Amino acid sequence: MTEQGDQNRVRLWAAEQGFPLWRNNSGALKDQRGQMVRFGLGNDSARLNAVWKSSDLIGILPVTIRPEHVGRLAGIFTAIEMKDAETWRGVAKTDREKAQAQFIGTVQQYGGVGGFVTSPEELERLVAIWR
């Protein structure tokens, strides 16, 4: 299975569980005038993107707040970085992976769900605290 295939399975599982995950393409290119255009969440500059890269999948995990949380529905910001199950060893080693880990750390710091995932099963474990 390729990373793209794994990503498709993860997105399908999330959809079946009732929460959307959207593809977050990120990069830069020149427009017809030769102006550099950056795209993707948080991709404000090449300098920032070198140390803080947004995740492949961005979503909102719907959570029904229980009585101890006043009985309201809340959306938990979710950032999923897809990795190839064949090669990912669970540790950010490259500069790119370290920048991805920084973004995930920011999401977690502010109460969101974030992590590196290779399968629907890993996503299920990641969101289990809210389910």
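Refer to the structure presented above.
So, here's what we can say about the structure. As the structure is a prediction and not an experimental result, all values here were calculated from the model. Per chain, the residues get numbers from 1 upward, laid out in the order the sequence is written. Totals for whole chains, interfaces and linings use all residues, but because this is a predicted model, local features are given only for residues with pLDDT of at least 70 and pairs of side-chain atoms are given and counted only at 80 or more. Just so you know, side-chain values use all the structure's heavy atoms and leave hydrogens and water out.

For any two aromatic rings, the description comes down to two numbers: the centre-to-centre distance and the angle of the planes. Between the rings of Phe, Tyr and Trp (Trp by its six-membered ring), a pair exists once the centres lie within 6.5 Å; its type follows the angle of the planes, with under 30 degrees stacked, over 60 edge-to-face, and the other angles tilted. Overall, the coordinates contain three aromatic pairs when judged by the stated rule. Centroid distance Trp13 to Phe19: 6.3 Å. Interplanar angle 85 degrees. Geometry classified as edge-to-face. Under the scheme applied here, a residue whose accessible area is under 20% of the maximum for its type counts as buried, over 50% as exposed, and between as partly exposed, the area being computed with a 1.4 Å probe on protein chains only. With relative accessibility at 13%, the residue Trp13 sits in the buried group.

Note that Glu124 resides in helix α4 (residues 120–127). With a relative accessible area of 43%, Glu124 lands in the partly exposed category. In this text, helices come from DSSP runs of H or I with a minimum length of four residues, and strands from runs of E with a minimum of two, each type numbered from the N-terminal end.

Moving on: helix α3 (residues 95–109). For α3, with 15 residues, the first-to-last C-alpha span of 21 Å sits near the 21 Å given by 1.5 Å per residue. Phi turns positive one or two residues past the end of α3, at Gly111, with a value near 95 degrees. Given a helix with a known number of residues, its expected span is that number minus one, times 1.5 Å.

Definition used in this section: a nonpolar core is a set of buried Ala, Val, Leu, Ile, Met, Phe, Trp, Tyr and Cys residues joined via side-chain atoms within 4.5 Å. Ranked by internal contacts, the top residues of the largest apolar core, which has 16 residues, are Val10, Phe19, Leu21, Leu61, Ile80, Leu123 and Val127. Of all the elements in the fold, those that place two or more residues in this core are α1 (3–16), β4 (57–64), β5 (73–82), β6 (113–117) and α4. When near neighbours in sequence (up to four residues on either side) are disregarded, Ile80 contacts Leu21, Ser55, Asp56, Leu57, Gly115, Val117, Leu123 and Leu126. Throughout, a residue-residue contact means that at least one pair of heavy atoms, one from each residue, lies within 4.5 Å.

On to the sheet that holds β6. The sheet built from four strands is open, its strands ordered β1-β4-β5-β6 with mixed pairing. What marks the edges here is a single partner per strand, and that holds for β1 (21–23) and β6. Strand after strand, the sheet turns through a mean of 20 degrees between neighbouring axes, direction not considered. Strand pairing is defined by DSSP finding a minimum of two bridges between the two strands. Here β1 pairs with β4 via three bridges, running antiparallel. Across the sheet, the residue bridging to Leu21 is Gly59, located in β4. Axis definition: a line fitted to C-alpha atoms, over the contacting stretch in the case of helices. Angles run 0 to 180 degrees between N-to-C directions. Contacts from α3 reach β4, β5 and β6 within the one sheet, and its direction differs from that of β6 by about 150 degrees. On top of the sheet, α4 reaches β1, β4, β5 and β6; it is set at about 155 degrees to β6, its chief contact.

Attention now goes to the packing of α1 against α4. The interhelical angle for the contact between α1 and α4, taken along N-to-C directions, is 45 degrees, at an axis separation of 8 Å. The angle between α1 and α4 places the two elements in the oblique class. Helix-helix and strand crossings are classified by hand; for α1 and α4 the assignment is right-handed. Contacts from Arg9, Val10, Trp13 and Ala14 in α1 reach Pro120, Glu121, Leu123, Glu124 and Val127 in α4. What sets the label is the angle itself: under 35 degrees gives roughly parallel, over 145 gives roughly antiparallel, 65 to 115 gives roughly perpendicular, and the rest give oblique. If you view the pair so one helix is near and one far, a crossing is left-handed when the near helix is turned anticlockwise from the far one by less than a right angle, and right-handed when it is turned clockwise.

A few words now on the side chain of Glu81. Inspection of the secondary structure puts Glu81 in strand β5. Residue contacts for Glu81: discarding those within four places in its chain leaves Ser54, Ser55, Asp56, Gln100, Ile104, Gly115, Phe116 and Val117.

Attention now goes to the pairing of strand β3 (residues 36–39). Remark: a regular strand shows side chains that alternate across the two faces of the sheet. As defined by bridge partners, strand β2 (residues 27–30) adjoins β3 across four bridges and the pair is classed as antiparallel. Within β3, the residue paired with Leu29 across the bridge is Val37. Between the end of β2 and the start of β3, which pair antiparallel, lie five residues, with Gly34 showing a positive phi angle near 85 degrees.

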